[in-house]
Amino acid sequence: MYRYDEFDARFVRERTEQFRFQVERRLKGELTEDQFKPLRLMNGLYLQLHAYMLRIAVPYGTLSARQFRKLAEIARKYDKGYGHFTTRQNMQFNWPALKDVPDILGELATVEMHCIQTSGNCIRNVTADHFAGAAADEIEDPRPVAELIRQWSSLHPEFSFLPRKFKIAVIAAREDRAALRYHDAAVEIVKNAEGRTGYRVWVGGGMGRTPYLGYVVGDFVEKPDLLGFLEAIMRVYNENGRRDNLFKARIKILAHSLGETEMRERVLREFKEIKAAGYLQVPEAERARIAAYFAPPEFETLTDEPLPTDGDLGRWIANNVAPHKQPGYAIATISLKPIGGVPGDINADQLDGVAQLMDDFGLTEIRASHEQNLVLPHVRQKDLPAVFARLTALGLATPNAGLITDIICCPGLDYCDLANARSIPIAQEIAKRFADLERQEDIGELKIKMSGCINACGHHHAGHIGILGVDKKGVEYYQLLLGGSAAEDASIGEIMGPGFGEHEIVDAVDRVVEAYRKLRQPGERFLDTYRRLGMEPFKNVAYGEQLHAAH
Amino acid sequence: MVQMLTANRLIDGRVLYWKEGGWVETLEDAERFTDTAAAEAALTAAKDFVARNLVVNPYLFEIKDGRPVKEREIIRAAGPSVRTDLGKQADHV
Ligand code: HEM
Ligand code: SF4
């Protein structure tokens, strides 16, 4: 996995010391809150409802056992024994004290971790397919490209003060596991007709108040040209992005007000200028140097075996294990969605337990997924029963990956200062309602995603069923959206109508799901049935008695 | 209208409530203002604590029937509703 070079290590050390000094000055009163706030945000430190919250970057979601142990240690020593994985493949601690944060950053630096670029109007932590390097359907590992972008963007002075934050994702498979089209920009590694590998570049996606799907601005960007091309996009954005209005400052607004044709032209024009001026080409050697850091572990020569299908193990394998590109290996998803638990939360003992499991089974890395789960990318198939047994003991063997109880959920009003409504308790109630595994498996792939406010941290626009918490005169209400997707068949969910009360929303979801079970044709997922039939049949049942009461 | 005054402590971010010229940690112990002028005066006094870098973000919120009107303040006063073992509510048991 990627190791810091000298430069990175020094940079992180310096930033930590710089922040230590800034915290000291703040506590002594030499900096006011107005002066200090942007500095703390640059280091991933927010002030939430109950306390500060520290957001730690996990580039492309890749972590080692050593890093897991360090996170466990920090959770115990400086927090309340647990952390939270987010939809941006980051980890958040909910209770750190300001005075301790410099020490936490120092601890993180010892395992090559930091909180830089987790906040502010910069190019944020680059995300990638969480099956990178393992997926049977990938062209190549997307992480070297993500890393290249990270290095290029980390310190680029031109990009530290963008009109607004900028999020980039990279994938290399046909199946989109990284919500590509919901990113400000995205790179899809593709092969052209001649079989050459290059990049399809997307721009203009985003969620929040005004959701948009990105579109293609570069059909096939040659490998050495990537950074030049991205630079062209950033320049168009920097020059034309709306700095006057926070709500209109994201590139999605620019991209969709200019339109696809005009945006393409401007980017190409800028790219030509960059080229003419002599531009940053990434030599093959440099790309190879970075790629070497992501070299796969030395796979043993194994053959695929029939996997167990019986009992709890069989169930877990059927739902949580995906095919690997290497014979005899498998990808295992560790669900962080126990029925009735807090989606994405993990405690210190579990972090340590997973680290131990990794060491014992020779697993050098683990991934955090944007679906708030963990992924063991390279498990020997023959180890699956033992890995499952270990996970069971740790309370991490919930066999629900991709099913209706595998809910993406933001912290909402239980933690978040910006929230309008709670989201976690609703996710918990839905999970309990659908706890029966047979019913879940019968329902099949159904992605519920929930946010506690319009900022959409919980991707509600992209849920097959999305739920958005709103505040109606001081009371929590929940809007239902249907038909969103963050996958290769991306779409933006449509709002059904008036919101549901806290005690109505779970019933509404239940009725919608039951309608699907009645209306579906063979092989149809919920999303397919919705796309075939539209909102009407679902809306007709969702409100149940309530609708009659309201009329 | 009954109001209370809250802020976060600078050093660790913890939620604080105003009581007679200073801060306490729980809502139950805090001062209730039935008089808007008194509430505003407390808010002005709280700004001095901001200037002295002891708290951040002081503001008034409304109370009805002994409880904050907004869910947000109920949760701030207690802790996460999904983790009753944490936050101020945990100290009450
Ligand atoms: C609890 C503290 C948090 C705060 C204060 C916060 C704040 C925000 C804000 C203000 C935005 C909208 C920005 C914009 O559209 O320009 C946003 C977007 C986003 N947040 Fe959070 N967030 C928090 C936690 C989280 C968590 C826990 C997750 C993951 C579960 C998350 C994931 C995201 C994502 C994916 C977006 C992108 C939506 C987009 O594309 O516009 N955030 N956040
Ligand atoms: S969606 Fe809103 S409530 Fe949820 S974490 Fe983001 S800002 Fe907070």
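Here the structure is shown first, and the text comes after it.
Nothing here was measured: the structure is a model prediction, and the numbers come from that model.

## Re the overall build of chain A
Counting secondary structure elements, chain A contains 18 helices and 21 strands. Relative to a compact globule of 551 residues, whose C-alpha radius of gyration would be 24 Å, chain A shows 23 Å and is just as compact. Overall, the C-alpha framework of chain A stretches about 65 × 60 × 55 Å when taken along its three principal axes. In chain A, once contacts between residues fewer than 6 apart in sequence are set aside, the share between residues at least 24 apart is 68%. Summing over all exposed atoms, chain A offers an accessible surface of approximately 21000 Å²; the carbon and sulfur share of this is 52%. Side-chain charges in chain A split into 69 positive and 77 negative, and the spacing between the mean points of these groups amounts to 4 Å.

## Regarding the site of ligand 1
All names here are of chain A. In the vicinity of ligand 1 there are 23 residues, among which Thr 87, Lys 165, Lys 167, Met 207 and Cys 457 approach most closely. Separating a nitrogen atom of ligand 1 from a side-chain N or O atom of Arg 55 is a distance of 3.5 Å. The contact in question runs from an oxygen atom of ligand 1 to an N or O atom on the backbone of Met 207, over 3.0 Å. Here the shell around ligand 1 is built from residues that sort into seven nonpolar, ten polar and six charged.

## Section: the site of ligand 2
As a matter of local geometry, ligand 2 sits amid Cys 410, Pro 411, Gly 412, Cys 416, Leu 418, Ala 419, Ser 451, Gly 452, Cys 453, Asn 455, Ala 456 and Cys 457 of chain A. Class assignment for the residues of the shell around ligand 2 results in eight nonpolar, four polar and no charged.

## Description of the interface of chain A and chain B
The interface is formed by 28 residues belonging to chain A together with 21 residues belonging to chain B. For the pairing of chain A and chain B, the buried interface totals around 2200 Å² over both sides, and the portion due to carbon and sulfur atoms is 60%. Seen at the junction of chain A and chain B, the total is two salt bridges. Notably, a salt bridge pairs Glu 71 of chain B with Arg 422 of chain A, separated by 3.9 Å at the nearest N-O pair. Remark: the boundary between chain A and chain B carries seven residue pairs in polar contact (both at pLDDT 80 or more).

## Observations regarding the coordination of the iron atom of ligand 1
Inspection of the coordination sphere of the iron atom of ligand 1 shows a single protein donor, Cys 457 of chain A (SG), at 2.1 Å. Mapped onto the elements of the fold, Cys 457 of chain A is located in the loop between strand 17 (448–451) and strand 18 (465–472).

## Digging into the nonpolar core
Residue and element names in this part refer to chain A. Among the nonpolar cores identified, the biggest contains 58 residues, and Phe 68, Leu 71, Phe 85, Trp 316, Ile 366, Leu 374 and Leu 376 are the most heavily contacted of them. The element contributing the most residues to this core is helix 3 (residues 65–78), with seven residues. Beyond its immediate chain neighbours, meaning those up to four positions away, Leu 376 contacts Ala 330, Ile 331, Ala 332, Ile 334, Leu 357, Met 358, Leu 363, Glu 365, Ile 366 and Val 387.

## Regarding the environment of Trp 316 of chain A
Residues and elements named next belong to chain A. The residue Trp 316 is located in helix 10 (residues 311–320) in this model. For the pair Trp 316 and Phe 388, spaced 72 residues apart in sequence, the C-alpha to C-alpha distance is 7.9 Å. Apart from the residues lying within four places of it in its own chain, the contact partners of Trp 316 are Val 321, Ala 332, Thr 333, Leu 384, Val 387, Phe 388, Leu 391, Ala 397, Thr 398 and Pro 399.

## Observations concerning the sheet that holds strand 2 (residues 52–56) of chain A
Residues and elements named next belong to chain A. Sheet architecture is open: five strands sit in the order 1-2-5-4-13, paired in antiparallel fashion. Edge positions in the open sheet fall to strand 1 (45–47) and strand 13 (345–347), since each of these has one partner strand only. The average undirected angle you get between the axes of adjacent strands in this sheet is 30 degrees. As paired elements, strand 4 (residues 82–85) and strand 5 (residues 91–93) share two bridges and run antiparallel to each other. Looking at strand 5, one finds that Phe 85 is bridged to Met 91. Those strands touched by helix 3 are strand 2, strand 4 and strand 5, and its axis lies near 15 degrees from that of strand 5. Its contacts with the sheet place helix 11 (residues 348–360) against strand 4, strand 5 and strand 13, and it is angled at close to 80 degrees to strand 13.

## Observations concerning helix 1 (residues 36–51) of chain B
Residue and element names in this part refer to chain B. With 16 residues, helix 1 should cover 22 Å at 1.5 Å per step; its first-to-last C-alpha distance of 23 Å lies within 8% of that length. Buried residues belonging to helix 1 abut strand 1 (2–9), strand 2 (15–19), strand 3 (22–24) and strand 4 (55–64). Positive backbone phi, approximately 60 degrees, marks Asn 53, located one or two places after helix 1.

Scoring rules and cut-offs
All residue numbers refer to position in the chain's written sequence, counted from 1. Labels are handed out in written order, letters beginning with A for the chains and numbers beginning with 1 for the ligands. Per-residue local features are limited, in this predicted model, to residues with pLDDT of at least 70; the limit for side-chain atom pairs, both in listing and counting, is 80 or more; totals at the level of whole chains, interfaces and linings are taken over all residues. Here the side-chain values reflect all heavy atoms present in the structure, with hydrogen atoms and water set aside. Strands are runs of DSSP state E lasting at least 2 residues, helices are runs of H or I lasting at least 4, and numbering of each runs from the N terminus. The size measure is the radius of gyration over C-alpha atoms, and the globule rule it meets is 2.2 Å times the number of residues to the 0.38 power. Whether two residues are in contact is decided by their heavy atoms, any of which lying within 4.5 Å being enough. Using a 1.4 Å probe, accessible areas were evaluated by the Shrake-Rupley method; residue-level cover was limited to the displayed protein chains. Residues counted as positive are Lys and Arg, residues counted as negative are Asp and Glu, and His and the chain ends are not counted. A charge is said to be at NZ when it belongs to Lys, at CZ for Arg, at CG for Asp and at CD for Glu. The near set for a molecule or strand comprises every residue that places at least one heavy atom within 4 Å of it. Think of a polar contact as two N or O atoms within 3.5 Å of one another; within protein, one of them needs to be a possible hydrogen donor and the other a possible acceptor, and neighboring residues in sequence only count if both atoms come from side chains. Put simply, Ala, Val, Leu, Ile, Met, Phe, Trp, Tyr, Cys and Pro go in the nonpolar bin, Asp, Glu, Lys and Arg in the charged bin, and everything else, Gly too, in the polar bin. Two parts placed together each lose some accessible area under a 1.4 Å probe, and the buried area is that loss summed for both. We define a salt bridge as a contact between a side-chain nitrogen of Lys or Arg and a carboxyl oxygen of Asp or Glu at a distance within 4 Å. Only N, O and S atoms count as donors, using a 2.8 Å limit from the metal and a wider 3.2 Å limit for Na, K and Ca, and since water is excluded some coordination spheres may look unfilled. Only buried residues count toward a nonpolar core, which is a set of Ala, Val, Leu, Ile, Met, Phe, Trp, Tyr and Cys residues joined through side-chain atoms within 4.5 Å. Burial here depends on accessible area, computed with a 1.4 Å probe over protein chains only, as a share of the maximum for the residue type. Under 20% is buried, over 50% is exposed, and the range in between is partly exposed. Two strands qualify as a pair provided that DSSP identifies no fewer than 2 bridges between them. Here an axis means a line fitted to C-alpha atoms, over the contact stretch when the element is a helix, while the angle between two N-to-C directions is reported on a 0 to 180 degree scale. By this rule the span expected of a helix is its residue count minus one, scaled by 1.5 Å.

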